[in-house]
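Topology and contacts: notes
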Amino acid sequence: MIYSLPYILMVVVIGLAALYYQYEEREDYRRYTLWGVVALMFFFFAFRGYVSTDWTAYYADYQKCELENVWNNAYTSTKVLWRIEPGFTLLMWLCKMMVPNYIFLNVVCTAVNLVLLLRFLRRRLDNPVLGLLLFTCFGGLMLSINLMRNAISILIFVNTLHYIRQRRPLPFFLWNILGMMFHISAVFFLPCYFFLHRSTNKWVFAAVFVVGNIIFLGRIPIFLSVANLVLGDAGGHLATVIENYTSGQMEEAAGISIGYLERLLTATLVWLYYNRLLEVRKDNMLFINSYLIYASLFFYFSEFRVLSLRFSYLFFFSYWILWADLPRCFALKNNRYLFIGFVALYCVLKTHGQMNNIVSEYDNMLLGGRSYEERLYIFNRNYDD
C-alpha cells in the first residue's frame, strides 16, 4: 500500500496551483487560488487523525494538562516535572477547556501556523503559493504533524527576520523570548540577531560546506576527538559518555543519499549564483547564512544523529526562500523550466520518502478517521523508537 499517496496528492495540487498563480494575471483569481490552497492545507492538517508518531505523547499530555502545569513544569520548577514549555502548556489548557477532544489542539495549532506562515511568505515572495509548496516539502510536513511546539517557535522567528535587518533588538528579542515559551530550542535564535545579516564571502561559504562534507562522509567524530584531546589526562570520562551516546549513529547518519544530494545541489547552486541571489532579494544574505547554519548543523553534528536532525530543522526555512529565488537567477528560460521541473519531481519523491510508512497513513476525522485505540495499536506494533 502506498501510504504517502494522500500527501503526494496534496503536494501535486499545491504545485499546480503555484503554477497557475505564477501565470495568472488577474489579481482576484490569484487571490482565490491562494486562499483555496490555504483552505486545503487547513483541512488536511487541522483535522488529521492520529498520524505519525508524536501524537502519542501530545495526546497523553492533553488529557492530563492542568492550569497549574503552566507555572509548575520542568522549565520553571524542580518539584513538578511537567516537560512542556509554559506557552504551549497554556495553549493546550485553553484548548482543552473549550473542547476536550484532542483533535481541537490540531485545529488551533494549524490555524496559528498558517497565519504566521502566510504573514512571512506574503512579505517575501511574489508567489506565496510556491512558498506553501516549498514549506510543505521542506520541513513543513513534520512541523505540521509532529513538531507542533517547534513549528510555532520557528514561525515566530521567521517573522522577526526583518527586525535583524532593521537593527531593532527590542521587538526581535521579545518575540523570540515568546517563541521560547513554546519550545526551548528557540533560545538558539537569539544570537542570530548579531550575525545573521552580516555579509559572508562566497569562498567562506564554500570552505565551511566542504569541510562539513569531509567530516560527514569521512565519519570523523570531531567532538569525540576534541573530548579525548581535552580530557585525555583526566581519564576521558566525558569522552566515554560521548562515545557511548554516539555509538552506531555515525554509521547510520553518514553516506550518500537523496537528502545528501539535495544539500549538495542546493549549496552548489547558492554558491554559483551567490551574487545574483543578493541582487534578486536585498535581504537574501539572511537566508544564505541561515542555509549555511542549517548545513553546518547537519554535517558537523553528524555524530549526534538525532541532535543534528533536530537542530538543523530550526533553519529549514532557508529552503522556502532560496529555492523560490533560484529560478530568477537563471539567464536562460529553459534552465528555469528545467529547475522548476526538477523541484516538482523532487517534492513528490521527498514527500513519498518521508510519509510512506504505516504510522503515517493519513486519516481525516471529518471523513471518519480511525479511533485513538486502533491507531495506538498500529503504532505500538510498527514503530520502533
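Here the structure is a predicted model, which is why all the values come from computation and not from measurement.

A tally of helices and strands in the chain yields 20 helices and 0 strands. Expressed as a percentage of contacts within the chain between residues at least 6 apart in sequence, the contacts between residues at least 24 apart total 76%. Looking at the chain as shown, the accessible area adds up to about 18300 Å², and 64% of this sits on carbon and sulfur atoms.

Here we come to helix 16 (residues 284-300). Its 17 residues give helix 16 an end-to-end C-alpha distance of 24 Å, which sits within 8% of 24 Å, the value for a rise of 1.5 Å per residue. For helix 16, the tally of buried residues reaches 16 of 17 residues, placing the bulk of the element in the interior.

The phi dihedral of Ser52 is positive, around 70°, even though this residue is not glycine. Along the polypeptide, Ser52 turns up in the loop between helix 2 (27-46) and helix 3 (55-64). Residue class for Ser52 comes out buried when judged on its relative accessible area of 5%. Phi angles above zero are rare outside glycine, and Arg167 is one such case at about 55°.

Turning our eyes to something else, we now look at helix 10 (residues 202-217). Relative to the 22 Å expected for 16 residues at 1.5 Å per residue, helix 10 spans 22 Å between its end C-alpha atoms, a close match to the ideal helical length. Buried within helix 10 we find Lys202, Phe205, Ala206, Phe209, Gly212, Asn213, Ile215 and Phe216. Of the residues that open helix 10, the one with a side-chain oxygen 2.7 Å from the backbone nitrogen of Trp203 is Asn201. Note on helix 10: the residue one or two positions beyond its end, Arg219, has a positive phi of about 50°.

Attention now goes to the nonpolar core. In terms of nonpolar packing, the biggest core is built from 116 residues, with Phe88, Tyr102, Phe138, Leu161 and Trp320 touching the most fellow members. Ranked by the residues each element gives to this core, the list is headed by helix 16, at 12 residues. Residue contacts for Trp320: discarding those within four places in its chain leaves Leu117, Phe120, Leu125, Leu134, Phe135, Phe138, Leu143 and Leu155.

Attention now moves to the side chain of Ser360. Following the sequence through the fold, Ser360 ends up in the loop between helix 19 (333-355) and helix 20 (372-382). Setting aside residues no more than four positions away along its own chain, Ser360 makes contact with Tyr7, Val51, Ser52, Met355 and Arg375.

Turning next to the packing of helix 6 (residues 128-145) against helix 18 (residues 317-325). Where helix 6 meets helix 18, the closest approach of the two axes is 9 Å, and the angle between their N-to-C directions is 150°. Classified by the angle between their axes, helix 6 and helix 18 sit roughly antiparallel to one another. Judged by the twist between their axes, the crossing of helix 6 over helix 18 is right-handed. Facing Leu130, Leu134, Phe135, Phe138 and Leu143 of helix 6, the residues of helix 18 in contact are Tyr319, Trp320, Trp323 and Ala324. A breakdown of the residues in the contact of helix 6 with helix 18 according to their chemical character gives 9 nonpolar, no polar and no charged.

Okay, the pattern of salt bridges next. If charged atoms from side chains of opposite charge come close, those side chains can pair. Per the counting criterion, the structure on display carries 11 salt bridges. Among the ionic pairs, Arg281 bridges to Asp325, the shortest N-O distance being 2.7 Å. Remark: Asp325 occurs in helix 18 and Arg281 occurs in the loop between helix 15 (274-280) and helix 16; sequence separation between them is 44 residues. The class of Arg281 is buried, set by a relative accessible area of 9%. The network of salt bridges with shared partners includes Glu361, Asp363, Arg370 and Arg375.

Following the criterion strictly, the structure yields 57 aromatic pairs and no others. Each ring, one from Tyr193 and one from Phe194, has its centre 5.6 Å from the other, and the planes form 90°; the classification is edge-to-face. A residue is classified by how much of its surface remains accessible, and Tyr193, at 6% relative accessible area, is buried. Here the aromatic rings of Phe330 and Phe339 are separated by 5.5 Å at their centres, their planes lie at 80°, and the arrangement is edge-to-face. One exposure class covers both Phe330 and Phe339, and it is buried. Here the guanidinium or amino end of Arg26 rests over the ring plane of Tyr29, the centre of that ring lying 3.9 Å away.

With that out of the way, let us pick up a nonpolar patch on the surface. On the surface, Leu67, Trp71, Leu90, Leu94 and Met98 cluster together into a nonpolar patch covering about 480 Å² of accessible area. Following the sequence through the fold, Leu67 ends up in the loop between helix 3 and helix 4 (86-98). With relative accessibility at 33%, the residue Leu67 sits in the partly exposed group.

Below, the discussion takes up the confidence of the model for the chain. Taken residue by residue, the chain gives an average pLDDT of 87. The fraction at 70 or more is 88%. A low-confidence stretch, residues 245-253 (pLDDT under 50), is modelled with 18 contacts involving residues beyond four sequence positions or located in other chains.

So, on to the environment of Val158. Its place among the elements puts Val158 in helix 7 (residues 148-158). What makes Val158 buried here is its relative accessible area of 1%. Setting aside residues up to four positions removed in sequence, Val158 forms contacts with Phe120 and Phe317.

A separate point is the side chain of Asn364. Mapped onto the elements of the fold, Asn364 is located in the loop between helix 19 and helix 20. A polar contact of 2.9 Å, which involves the side chain of Asn364, links it to the side chain of Tyr362.

About the thresholds
Once a new chain begins, its residue numbering starts again from 1 and follows that chain's sequence as written. Reporting in this predicted model follows two pLDDT cut-offs: at least 70 for local features of residues, and 80 or more for side-chain atom pairs to be given and counted; totals over whole chains, interfaces and linings ignore these cut-offs and use all residues. Note that the side-chain values use all heavy atoms of the structure and ignore hydrogens as well as water. Counting from the N terminus, the helices are DSSP H or I runs at least four residues long and the strands are E runs at least two residues long. In what follows, a contact means two residues having at least one pair of non-hydrogen atoms within 4.5 Å. Per-residue accessibility takes into account occlusion by the displayed protein chains alone, with areas from the Shrake-Rupley method and a 1.4 Å probe. In a helix, the anticipated span is given by 1.5 Å times the number of residues less one. Partly exposed residues are those whose accessible area sits between 20% and 50% of the maximum for their type, while under 20% is buried and over 50% is exposed, using a 1.4 Å probe and protein chains only. Side-chain atoms alone can form a polar contact between residues adjacent in sequence; in general such a contact is a pair of N or O atoms within 3.5 Å, and within protein one must be able to donate a hydrogen while the other accepts it. In this description, a nonpolar core means a group of buried Ala, Val, Leu, Ile, Met, Phe, Trp, Tyr and Cys residues linked to one another through side-chain atoms lying within 4.5 Å. For helices, the axis comes from a line fit to the C-alpha atoms of the stretch in contact; other axes are also lines fit to C-alpha atoms, and the angle between any two N-to-C directions lies between 0 and 180 degrees. What sets the label is the angle itself: under 35 degrees gives roughly parallel, over 145 gives roughly antiparallel, 65 to 115 gives roughly perpendicular, and the rest give oblique. With the far helix as reference, a near helix turned anticlockwise by less than a right angle produces a left-handed crossing, and one turned clockwise produces a right-handed crossing. Any residue that is not Ala, Val, Leu, Ile, Met, Phe, Trp, Tyr, Cys, Pro, Asp, Glu, Lys or Arg is counted as polar, Gly included; the first ten are nonpolar and the last four charged. Take a side-chain nitrogen of Lys or Arg and a carboxyl oxygen of Asp or Glu: if they are within 4 Å of each other, that pair is a salt bridge. Classification of ring pairs uses Phe, Tyr and Trp, with its six-membered ring standing for Trp, and accepts pairs whose centres are within 6.5 Å; under 30 degrees between planes counts as stacked, over 60 as edge-to-face, and the remaining range as tilted. For a Lys NZ or an Arg CZ to count as sitting over a ring, it must be within 6 Å of the ring centre and within 35 degrees of the ring normal. Only residues above 30% relative accessible area that lack a salt bridge enter a patch, with like-charged residues linked at up to 9 Å and the nonpolar side chains Val, Leu, Ile, Met, Phe, Trp and Tyr linked at up to 5 Å. Values of pLDDT, which run from 0 to 100, indicate the predictor's confidence residue by residue.

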